[in-house]
Amino acid sequence: MSGSAREPGDDGNDGDAHGEDRLAELLAFLRRRLAGEYEVDEFGFDPEFTDRVLLELLRPLYHHWFRTETVGMHNVPGDSGALIVANHSGTLPLDGLMLQVALHDDHPERRALRLLGADLVYRFPVLAHLSRKTGHTLACPEDADRLLRKGEIVGVFPEGFKGVGKPFSERYRLQRFGRGGFVASAIRAGVPVVPCAIVGAEEIYPKLGDLPFLARVLGLPYVPVTPLFPWFGLLGLVPLPSKWVIGFGEPIRTDRFDPADADDPMLVFGLTDQIRETVGQLLDELRLRRGPAFPPFR
């Protein structure tokens, strides 16, 4: 007898039914968008658009290209605010987007990450609109304070462009963490600071050099030179398939301080150094856990 046996009740239409369900969901989504039947918060955050459009586009990268693993997700609160402080790297800031997928898809409570972005992002109208729509906002104390007091998970990369734009020869070396404004915001809100280490982003676009003249013309902090860009044009923007591990360390409590302590520069600087040291230690641990940057696909 040829052919494969089917289980009782298996009429071979499960795939068709699943496809019809997806189509119905898509049509319902489009109908709500056209009718204006969706909600945004005071910052312009659109949760449905973020989940159905942005994160849906990023999930193949997260799960299949970078094969991302998360560690210590239990350290991220499920029903209260917290400040996620992470290292920054990768030439292009894909690490922030992958962190956003991790907290939404891998956290039991599907937490939305509200990233604090550099002012450069908000100089471009279309990019600024999309950033706010997907939960990001300007990295300023006022916005950070309001979000944390609302019980949101706020993410910050205190290394800024010095971290994301450092050369490949300095990979996994933490840069300066700035003046500690993010720590002051956490103290004022009384929320924990969760150290976060991201391993894998350093290898996606190995930065071998840059083009300073072109960067000045375009008003960008740098224009990178990598093994593939600009030599292969747009193909050079395809990230290399490094293995990623995103880890969350034990929360550092700030509710033991008085909100007025946020104005004490020595206390803020000391706590900032503690957080930076913790992120560095976590980075070392996760690099050992990951092993080779480019393990074979399975």
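These numbers come from a predicted model, not from an experiment.

A. Representation of the packing of helix α2 (residues 47-65) against helix α3 (residues 94-105) within the structure. Across the interface, α2 lies against α3 with an axial gap of 9 Å and an inter-helix angle of 105°. Compared by their axis directions, α2 and α3 come out roughly perpendicular. Contacts between α2 and α3 involve T50, D51, L54, L55, L58, R59, L61, Y62 and H63 on the former and, on the latter, L97, M98, Q100, V101, A102, H104 and D105. Counted by class, the contact of α2 with α3 contains 9 nonpolar, 4 polar and 3 charged residues.

B. Spatial organisation of the packing of helix α5 (residues 141-149) against helix α7 (residues 181-189). Interhelical geometry of α5 versus α7 gives an angle of 35° and a closest axis separation of 9 Å. Both α5 and α7 take part in a crossing whose hand is right-handed. Where α5 abuts α7, its residues P141, A144, D145, L148 and R149 lie against S185, A186, R188 and A189. Classifying every residue of the contact of α5 with α7 by side-chain character gives 5 nonpolar, 1 polar and 3 charged.

C. Expanded view of the environment of D284. Mapping D284 onto the fold places it in helix α9 (residues 265-290). Sequence separation between D284 and Y172 is 112 residues, and the spatial gap between their C-alpha atoms is 8.4 Å.

D. Expanded view of the sheet that holds strand β5 (residues 153-156). Reading across the sheet, the 7 strands line up as β1-β9-β6-β2-β5-β3-β4 and stay open at both edges, with mixed pairing between neighbours. Both outer strands of the open sheet, β1 (69-71) and β4 (137-138), are each paired with one neighbouring strand and no more. Relative to β4, strand β3 (residues 113-117) runs parallel, the two sharing 2 bridges. Within the sheet, the bridge partner assigned to L116 lies in β4 and is T137. Of the strands in this sheet, β1, β2 (82-86), β3, β5, β6 (193-199) and β9 (245-248) are in contact with α3, which crosses β3 at around 165°.

E. Just the packing of aromatic side chains, in detail. Enumeration over the complete set of coordinates arrives at 3 aromatic pairs. Aromatic side chains W65 and F297 sit 6.1 Å apart centroid to centroid with 40° between the ring planes, which places their arrangement in the tilted category. Note that W65 is positioned in helix α2 and F297 in the segment after α9, a separation of 232 residues in sequence. Given a relative accessible area of 46%, F297 falls into the partly exposed group. Centroid distance F66 to W244: 4.6 Å. Interplanar angle 20°. Geometry classified as stacked. One end of the pair, F66, is in the loop between α2 and β1; the other, W244, is in the loop between β8 (224-225) and β9, and 178 residues separate them in sequence.

F. Region of interest: the pattern of salt bridges. Within the structure shown, the criterion is met by 18 salt bridges. The closest approach of N and O atoms between D143 and R146, which form a salt bridge, is 3.4 Å. Here the residue D143 and the residue R146 both occupy positions in helix α5, the gap between them amounting to 3 residues, near one helical turn. Its relative accessible area of 10% is what places D143 among the buried residues. Using a relative accessible area of 37% as the deciding quantity, one classes R146 as partly exposed. Linked by salt bridges that have partners in common, D41, E42, R114, D143, R146, K150 and E152 make up one network.

G. Region of interest: the nonpolar core. With 32 residues, the main nonpolar core has L83, V85, F182 and I275 as its most contacted residues. Listed by contribution, the elements that provide at least two residues to this core are β2, α5, β5, α7, β6 and α9. Sort the elements by how many residues they give to this core and α9 lands first, with 7 residues. Residues within four places of V85 in sequence aside, it is in contact with V156, P158, F177, F182, V193, V194, P195, C196, I275 and V279.

H. The confidence of the model for the protein chain, seen in detail. Across the protein chain, pLDDT averages 91, with 94% of residues at or above 70. Every residue in residues 1-9 is under pLDDT 50, and counting partners more than four places away or in other chains gives 2 contacts.

I. Structural context of unusual backbone geometry. In this structure, P230 follows F229 across a cis peptide bond, with omega equal to 10°. Of note, P230 is situated in the loop between β8 and β9. In this structure, T91 is a non-glycine residue whose phi angle is positive, near 70°. When its relative accessible area of 4% is taken as the criterion, T91 is described as buried. A positive phi angle, near 50°, is found at R110, a position not held by glycine. With respect to the helices and strands, R110 occurs in the loop between α3 and β3.

The rules we used
- The residue count restarts for each chain, going from 1 along the sequence in the order it is written.
- Predicted model: local features are reported for residues with pLDDT of at least 70 only, side-chain atom pairs are reported and counted for 80 or more only, and whole-chain, interface and lining totals are derived from all residues.
- Just so you know, side-chain values use all the structure's heavy atoms and leave hydrogens and water out.
- Every axis in this analysis is a line fitted to C-alpha atoms, fitted for helices over the stretch in contact. Angles between the N-to-C directions lie between 0 and 180 degrees.
- Strands are runs of DSSP state E lasting at least two residues, helices are runs of H or I lasting at least four, and both sets are numbered from the N terminus onward.
- Geometric relationships in this document are graded by angle, where less than 35 degrees denotes roughly parallel, more than 145 denotes roughly antiparallel, 65 to 115 denotes roughly perpendicular, and other angles denote oblique.
- Any pair of residues with heavy atoms lying within 4.5 Å of one another is described as a contacting pair.
- For this classification, Asp, Glu, Lys and Arg are treated as charged, while Ala, Val, Leu, Ile, Met, Phe, Trp, Tyr, Cys and Pro are nonpolar and the rest, including Gly, are polar.
- Crossings are sorted by hand: turned counterclockwise from the far helix by less than a right angle, the near helix makes the crossing left-handed, and turned clockwise it makes it right-handed.
- Pairing between strands requires that DSSP locate at least two bridges from one strand to the other.
- Each Phe, Tyr or Trp ring, with Trp reduced to its six-membered ring, pairs with another whose centre is within 6.5 Å; inter-plane angles below 30 degrees give stacked pairs, above 60 give edge-to-face pairs, and intermediate values give tilted ones.
- Between buried and exposed lies partly exposed: a residue is buried under 20% and exposed over 50% of the maximum accessible area for its type, with that area taken using a 1.4 Å probe on protein chains only.
- When a carboxyl oxygen of Asp or Glu is within 4 Å of a side-chain nitrogen of Lys or Arg, the pair counts as a salt bridge.
- Here, nonpolar core refers to any group of buried Ala, Val, Leu, Ile, Met, Phe, Trp, Tyr and Cys residues whose side-chain atoms link them within 4.5 Å.
- One confidence number per residue, pLDDT, is output by the predictor and ranges from 0 to 100.

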